[in-house]
Protein chains: 2
Amino acid sequence: MAHKIIKPEMKIKILSSASVVGREEDRGPLGGSFDITDTKDDRFGMETWEKSESEMQRLALGCAMNKCGMSEDKIDAMLAGDLLNQCVGSNYGLSEYRIPYFGLYGACSTAAESIMLASIMCMSGHMRCAAVTSSHFCSAERQFRYPLEYGGQRAPTSQWTVTGSGAFILSSEDDSNIISGGEYVPCVTELLPGYVVDHGISDINNMGAAMAPAAADTLLRYFKEGHSPSEFDMIITGDLGREGSSILIDLLDAEGYDISAVHADCGKMIYNIDLEDKHAGGSGCGCSAVVMSAHILRNIKEGILSDVLFVGTGALMSPLTLNQGSTIPGIGHLVRIRGDKI
Amino acid sequence: MAHKIIKPEMKIKILSSASVVGREEDRGPLGGSFDITDTKDDRFGMETWEKSESEMQRLALGCAMNKCGMSEDKIDAMLAGDLLNQCVGSNYGLSEYRIPYFGLYGACSTAAESIMLASIMCMSGHMRCAAVTSSHFCSAERQFRYPLEYGGQRAPTSQWTVTGSGAFILSSEDDSNIISGGEYVPCVTELLPGYVVDHGISDINNMGAAMAPAAADTLLRYFKEGHSPSEFDMIITGDLGREGSSILIDLLDAEGYDISAVHADCGKMIYNIDLEDKHAGGSGCGCSAVVMSAHILRNIKEGILSDVLFVGTGALMSPLTLNQGSTIPGIGHLVRIRGDKI
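Analysis parameters
Counting starts from 1 at the beginning of each chain's written sequence and moves along it residue by residue. Starting at A for chains and at 1 for ligands, labels are handed out in the order in which the entities are written. It should be noted that, the model being predicted, local features are given only for residues of pLDDT at least 70 and side-chain atom pairs only at 80 or more, the latter also being counted only at that level, while totals for whole chains, interfaces and linings use all residues. By convention in this description, side-chain values take in all heavy atoms of the structure and omit both hydrogens and water. Think of a salt bridge as a Lys or Arg side-chain nitrogen and an Asp or Glu carboxyl oxygen that are within 4 Å of each other. Only protein chains enter the accessibility calculation, which uses a 1.4 Å probe; a residue whose area is less than 20% of its type maximum is buried, one above 50% is exposed, and one in between is partly exposed. Residues are treated as being in contact if the distance between any of their heavy atoms lies within 4.5 Å. Reported buried area values correspond to the accessible surface (1.4 Å probe) lost by two parts on association, with both partners' losses combined. Helix and strand definitions here come from DSSP, where helices need a minimum of 4 consecutive H or I residues and strands a minimum of 2 consecutive E residues; each element is numbered from the N-terminal end. Remark: nonpolar core denotes a set of buried residues (Ala, Val, Leu, Ile, Met, Phe, Trp, Tyr, Cys) joined through side-chain atoms within 4.5 Å. Any pair of nitrogen or oxygen atoms within 3.5 Å is treated as a polar contact; in protein, a donor-acceptor pairing is required on top of that, and neighbouring residues in sequence qualify only through side-chain atoms on both sides. The least-squares superposition of copies is restricted to C-alpha atoms, and to residues with a pLDDT of at least 70 in both copies. What a helix is expected to span follows from its residue count: subtract one and scale by 1.5 Å. It is the directions from the helix axis to the C-beta atoms whose arc is reported.

Q: Mind showing me how you'd approach the pattern of salt bridges here?
A: Within the structure shown, the criterion is met by 38 salt bridges over all chains. The salt bridge involving K40 of chain A is made with D41 of chain A; its shortest N-O contact spans 3.5 Å. Look at K40 of chain A and you get exposed, because its relative accessible area is 64%. What makes D41 of chain A partly exposed here is its relative accessible area of 27%. Two residues, E55 of chain B and R58 of chain B, come together in a salt bridge whose shortest N-O distance is 2.9 Å.

Q: When you look at the interface of chain B and chain A in this model, what are you seeing that I'm missing?
A: At the junction of the two partners, chain B supplies 58 residues and chain A supplies 58 residues. Both sides together, the interface formed by chain B and chain A hides about 4800 Å², and carbon and sulfur atoms give 62% of it. At the surface where chain B touches chain A, the tally comes to two salt bridges. For the salt bridge of D217 of chain A with R98 of chain B, the shortest nitrogen-to-oxygen distance reads 2.9 Å. For the side of chain B that touches chain A, the elements supplying multiple residues, two or more each, are α2 (49-68), α3 (88-93), β4 (101-104), α4 (110-123), α5 (137-144), α10 (319-323) and β13 (330-341) of chain B. Looking at the side of chain B that touches chain A, the element that brings in the most residues is α4 of chain B, giving six residues.

Q: Can you help me understand the nonpolar core in this one?
A: One broad trend across soluble globular proteins is that nonpolar side chains are buried collectively. Ranked by size, the top nonpolar core spans 106 residues in total, and within it I236 and I296 of chain A together with I236 and I296 of chain B carry the most contacts. Dropping the residues within four chain positions of it, I236 of chain A is found in contact with A264, D265, C266, M269, V291, M292, I296, V308, L309, F310 and V311 of chain A. Membership of the second largest hydrophobic core comes to 74 residues, among which are A60 of chain A together with F44, M70 and Y101 of chain B.

Q: Where do I start with the side chain of S158 of chain B in this structure?
A: Residue and element names in this part refer to chain B. Mapped onto the elements, S158 comes out in the loop between α5 and β6 (160-161). Given the relative accessible area of 4%, S158 is considered buried. At a separation of 2.7 Å, a polar atom in the side chain of S158 contacts the main-chain carbonyl oxygen of A155. Not counting residues within four places of it along the chain, the set of residues in contact with S158 comprises N205, K278, H279, A280 and G281.

Q: Looking at this structure, I do not really get the environment of G106 of chain B. What am I missing?
A: Residue and element names in this part refer to chain B. Turning to its location among the elements, G106 is positioned in the loop between β4 and α4. Residue class for G106 comes out buried when judged on its relative accessible area of 4%. Distance in space between the C-alpha atoms of G106 and S293 is 19 Å, their sequence separation being 187 residues. In contact with G106, other than residues within four places in its own chain, are E113, G314, L316 and I331.

Q: Please clarify how the relation of the copies chain B and chain A should be interpreted in this entry.
A: A rotation about some axis, followed by a shift along it, carries one copy of the chain onto the other. Least-squares fitting of chain B to chain A yields an RMSD of 0.0 Å, with the transformation described by 0.0 Å of translation along the axis and a rotation of 180°. Such a combination of turn and shift is consistent with a two-fold rotation axis.

Q: Would you explain helix α7 (residues 241-254) of chain A in this entry?
A: Note on helix geometry: an α-helix contains 3.6 residues per turn, so any two residues three or four positions apart are oriented the same way. Residue and element names in this part refer to chain A. Taking 1.5 Å per residue as the helical rise, α7 with its 14 residues ought to reach 20 Å, and the 20 Å between its terminal C-alpha atoms agrees with that figure. Looking only at α7, the buried set comprises G241, G244, S245, L248 and L252. Down the axis of α7, the buried side of the element spans an arc of 105°, and every buried residue falls inside it. Exposed residues pointing more than 90 degrees away from the buried face of α7 are listed as D250 and A254. Where α7 is buried, its residues touch α6 (207-223), β9 (234-237), β10 (263-265) and α8 (266-269). Once α7 finishes, G256 follows within two positions and takes phi at roughly 95°, a positive value.

So, in structure tokens, the structure goes:
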């Protein structure tokens, strides 16, 4: 027997969200739709790349709280993570807030993981929870690949770590004083957490290939519970990029599910890939977080999209495990988000 | 207004737990009470320390599942973490299980964090969730300090990373077919998640001092909701060790709460500190996990303890943030566990 889809009995509303990005992201196709941008040098006024990343998380959560008029005591928990060793982007970035804190690590799937756990926490009682994630090109490059000064060449299948942080405030409280009647509110209506899936990929320059089987695994389990791709306005994956997206479409097609008409990928949407030499597209915890906040949720609120499957994808290796000859396990967490008039 | 204690309305039972440890832990005062021990070389049959740590998690969860007769399809989620970069101990160790996976990072507080989030998940519906954590002396030493071959001296305030993994299976399902009537079952009855607390400690050889203020912060918030230390058979902290424990007692004493008569610390209990040259005691994700499983929960089941406050403590820095001059933020997550006859 497979694990079932989790269906909240109460309304889980995404009250507000915010996005903070760097210069490259602001230049991309979604430029102008992000809330806060450092168009100068991606440092956000800080001395080190790690502190810049933390500052992005601080700004993202602050902005999301301002948008829905929430103070610290009105938020019951923060669930947050990033790609840095020991998740210091989140630990330091959110330390200013007197809000109960849960650190997460799901690689690039952390945006979906945090929204999922925040939803589950909201289901456990009347609560409001924040989900916050980030990545920074410069802190990630030197940790996972090479120091920036080295100027190494990049493989065509490699992805570009997004400099960005997204924050989401979810709630199962009444909130009727915050929401104006008649507007669309993005609500989390179904959850299907992923298994760890390892198909033996070991190429560090092809994360899309490592993550695609995990996304396919979760989507297949979802469809087999009686759903079809045509039910949705969009099935959006976190950051499979160009390589991983085409693998995902092929894997599902072989199982009889054609998602090509409704599939989109945050990693493909955030950059003008060919114009900007971004190879296979964007990746990182911040990639899906900022695309979901600035673009998808906005479209849901405006009634342009009404029913979206978001599958956050992550590659769960470390540089050390790859050096030890291990392959790359992936994961895909599925969150269904619908626009509801409340 | 402060954040309230979370009180499950349904019974959250800890159905079973398991502990896996290395040679040093088996030699300590709790030796003989752990489920699985590698008394030969702490490798658990693996080639690298990281793979040994993963293997401990695999064994711990398998053992806990066997104890309560659970198969993979009966467990709705695994919540797991460890100290390694990108949490690869958990990612690889649990990849064999076809169970939805959530990766966590809370440094040494991860055992409490995972039990807390598993409890909250159980509160959201009728569910069973596994909480799994680990640390390994050899993988932690080379990542956080020096390669073992270097043979560096250790400061008297430093702690010894426990080689151990603990797994807990929590449930809000009926389970009457598993539990024999009349026995004590450890139940999670209250939760108070911690804030990130930074009191400006920057000495990497004194984690106890960095974590004690966070434990004090959470316990103070708990006591101020109308509780007193004398209500409990034991208030047990995760791994403050000798230094941090005495700081915690002093901090609370200054606020009018004397916990000295009921305080214990997993880091002080796991080794014969003076005999075995373990300086300030044990630490690591595995420390509180194995002491709680092998000793505290066993005592609750046997009716020796009936009401315990467990405060898991973590130091949320990384070697890089310390090199950049940042101080060490701490966190303390509180879980109340009572023995109930069901």
